[in-house]
Amino acid sequence: ISVIGAGSWGSALAIQLADNRRKVNLYCRNKTCFKEMQDNRTNSRYLPSITFPENIDIFSNIEDSVKDANTVIVALPSETIRDTFLQLKNTISSQTGISWASKGLEVKSGLLIHSVCEEILGKGHPMAVISGPSFAVEVANKKPTAVTIASSSKNFRNQLAEDLSDQNFRVYTSDDIIGAEIGGAIKNIIAIGAGISDGLNYGENAKIALITRGLHEIQKLGVALGAKKETFTGLSGAGDLFLTCTSNLSRNRRLGLALADGNNLSEFESKTMQVVEGVKASEAVHKLSKKMNISMPICEIIYQILFHRLDPKKAAIMLMSRDLQDE
């Protein structure tokens, strides 16, 4: 199994697979991290104090990392997904299973990741998304975790579930790839809003209202795109949303806290040295919701804060002053 991306989540998945006695190739883009992993079997930037198992081979060349793989798991920021699939196109076999733990939409096209995959690699590959409430550091430290793997291929999702599952990591399976992708992408936008709400000391009532109505927006867009409504009450929907909105391990929530405190995005990302997926997702969802004529007021307000410098306090007043309506 080849894992593409040695950030926190890719590294955690590689460790989980290796501890489950799978042979793992891990591709690392960062030269400094690559050397550290080669020399010390550690990745102090993303998973400090974790030692990598010996059955993980580290690669700095993506083609070499996948040439013998039966399954490829991409764990890179969603904005890099198209380029990554293009790199894989002429390297992997037509039978290689492709999965991803990335959460987002392509900004320019508004496509979900499975659609980008089909566009570049064709529809012959088994495809799956790994999603759910799962902070990488907890997975790497063997804290009990449950996720969803969604794929239209029953054999592929069951095989991935078997590869990853042990007494600390439980995998549920689903055939609703659209629902799992939408839940994973939009929850990051809502989490930015939850962070802003807490940063402004608006209280628990406000935060829970925002999360609940945010779930409604996720479900509305997802069903319009062909997802199953019940998916959004599961791990890749409500589960991932609640975790990301309420824990300070979430970089999306922490960005919201920083914005409420008067900081900006570039300052936050330079401090954390990590991509905040909710920002790109906000831009993509803004375009997609307009195109589909779907009202998503919370997602739209977060977009206005991020891209048009709307004052967070004014944003809250705008949301609370909307016309009354049935729930």
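See the structure above.
> I'd like a description of the state of the cysteines, backed by residues and values.
Each disulfide consists of one covalent bond between the sulfur atoms belonging to two cysteines. Taken as a whole and assessed by the stated rule, the structure comprises 0 disulfides. Of the cysteine sulfurs around Cys299, a residue in no disulfide, the closest is that of Cys245, at 10 Å.

> Requested: an account of helix α2 (residues 31-40), with residues and values cited.
Of all the residues in α2, the buried ones are Cys33, Phe34, Glu36 and Met37. An end-on view of α2 places all buried positions within 165° of arc, on one side of the element. Exposed side of α2, more than 90 degrees from the buried face: Lys31, Thr32 and Lys35 are the residues found there. Measuring from the backbone nitrogen of Thr32 back to the side-chain oxygen at the start of α2 gives 2.9 Å, which picks out Asn30 as the cap. Directly beyond the C-terminal end of α2, a positive phi value near 60° is found at Arg41.

> Kindly report on the nonpolar core, identifying the contributing residues and their values.
Residues Val72, Val74, Phe85, Trp100, Ile186 and Ile190 are the most contacted members of the largest nonpolar core, which totals 68 residues. In terms of residues, this core owes the most to one element, helix α8 (residues 177-199), which gives 12 residues. For Ile190, the residues in contact, after removing those within four places along its chain, are Leu210, Ile211, Gly214, Ile218, Leu241, Cys245, Ile298 and Cys299. Counting residues in each nonpolar core, the second largest holds 37 residues, with Ala14, Val24, Cys33 and Val139 among its members.

> So what about the sheet that holds strand β9 (residues 145-150)? Which residues, and what values?
Neighbouring strands of a sheet are bound in pairs by backbone hydrogen bonds; such pairs are parallel or else antiparallel. Here 8 strands make up an open sheet; going across it, the order is β5-β2-β1-β6-β7-β8-β9-β10 and the pairing mixed. Pairing within the sheet leaves two strands with one partner each, and these edge strands are β5 (56-59) and β10 (169-174). Pairs of neighbouring strands in the sheet enclose a mean axial angle of 25°, with direction left out of account. Relative to β5, strand β2 (residues 24-27) is paired through 4 bridges, and the arrangement is parallel. Looking at β5, one finds that Leu26 is bridged to Ile58.

> Tell me about the side chain of Ser131, and please be specific about residues and values.
Tracing the backbone shows Ser131 in strand β8 (residues 127-131). Residues contacting Ser131, with those up to four places away along its chain left out, are Lys103, Val147, Thr148, Ala180, Gly184, Ser236 and Asp240.

> Please give an account of the environment of Glu327 that cites residues and values.
Assignment of secondary structure puts Glu327 in the segment after α15 (312-320). A C-alpha to C-alpha distance of 38 Å links Glu327 and Thr272, two positions 55 residues apart in sequence.

> Describe the packing of helix α4 (residues 81-89) against helix α5 (residues 113-121), listing the residues and the values that go with them.
Running from N to C, α4 and α5 cross one another at 30°; their axes reach a closest spacing of 10 Å. The angle between the axes of α4 and α5 places the two elements in the roughly parallel class. Classified by chirality, the crossing of α5 by α4 is right-handed. Facing Ile81, Arg82, Phe85, Leu86, Leu88 and Lys89 of α4, the residues of α5 in contact are Ile113, Val116, Cys117, Glu119, Ile120 and Leu121. Of the residues contributing to the contact of α4 with α5, the split by class is 9 nonpolar, no polar and 3 charged.

Definitions and cut-offs
- Residues numbered from 1 in each chain as written.
- Predicted model: local features only at pLDDT ≥ 70, side-chain atom pairs only at ≥ 80, totals over all residues.
- Heavy atoms only, no water.
- Disulfide = S-S within 2.5 Å.
- Buried < 20%, exposed > 50% of the residue type's maximum accessible area, 1.4 Å probe, protein only.
- Helix = DSSP H or I, 4+ residues; strand = E, 2+ residues; numbered from the N terminus.
- Arc of directions from axis to C-beta.
- Polar contact = N/O pair within 3.5 Å; in protein donor to acceptor, adjacent residues only side chain to side chain.
- Core = buried A, V, L, I, M, F, W, Y, C linked by side-chain atoms within 4.5 Å.
- Contact = heavy atoms within 4.5 Å.
- Pairing = 2+ DSSP bridges.
- Axes fitted to C-alpha atoms, helices over the stretch in contact; angles between N-to-C directions.
- Parallel < 35°, antiparallel > 145°, perpendicular 65-115°, else oblique.
- Left-handed = near helix turned anticlockwise from the far one by under 90°.
- Nonpolar A, V, L, I, M, F, W, Y, C, P; charged D, E, K, R; others polar.

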